[in-house]
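# Summary of the model geometry
Each chain is listed here by its residues.
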Amino acid sequence: GSFLNHEILSAAQLDLMKQIVAYARSNGDVTFQDLLKTSPFKELDFAKFFGQNIRYVQQLVNGLHRPVM
């Protein structure tokens, strides 16, 4: 969570991260496969959209998925 702020992520990046959290809450889990096959995530080039901040997406998904594993 500490990276979920406007000092690190842009407003658009932050909004997408919040959508990932909402997806996990709604579906009980989230994986990278979910992001590749589920709208609105599948339409996005995460590497291009997040650039150097892509590691925060990885941390978020790993953090949300880990408790389920």
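Before going into details, it helps to say that this report is about the structure given with it. These figures come from a predicted structure and were not determined experimentally. (Residues numbered from 1 in each chain as written. Predicted model: local features only at pLDDT ≥ 70, side-chain atom pairs only at ≥ 80, totals over all residues. Heavy atoms only, no water.)

## Notes on the overall build of the protein chain
- The helix and strand tally for the protein chain stands at four helices and zero strands.
- Along the chain direction, N to C, the helices and strands of the protein chain fall in the order α-α-α-α.
- Within the protein chain, contacts between residues at least 6 apart in sequence are counted, and of these 61% link residues at least 24 apart.
- Carbon together with sulfur atoms contributes 52% to the accessible area of the protein chain, which is approximately 4,500 Å² in total. (Helix = DSSP H or I, 4+ residues; strand = E, 2+ residues; numbered from the N terminus. Contact = heavy atoms within 4.5 Å. Areas by Shrake-Rupley, 256 points an atom, 1.4 Å probe, with all protein chains shown as cover.)

## Quick word on the nonpolar core
- Among the nonpolar cores identified, the biggest contains 17 residues, and Ile20, Leu35, Phe46 and Val57 are the most heavily contacted of them.
- Broken down by secondary-structure element, the contributors of at least two residues to this core are helix 1 (11-27), helix 3 (46-50) and helix 4 (54-65).
- Residue contributions to this core peak at seven residues, all from helix 1. (Core = buried A, V, L, I, M, F, W, Y, C linked by side-chain atoms within 4.5 Å. Buried < 20%, exposed > 50% of the residue type's maximum accessible area, 1.4 Å probe, protein only.)

Just distances and angles here, no functional claims.
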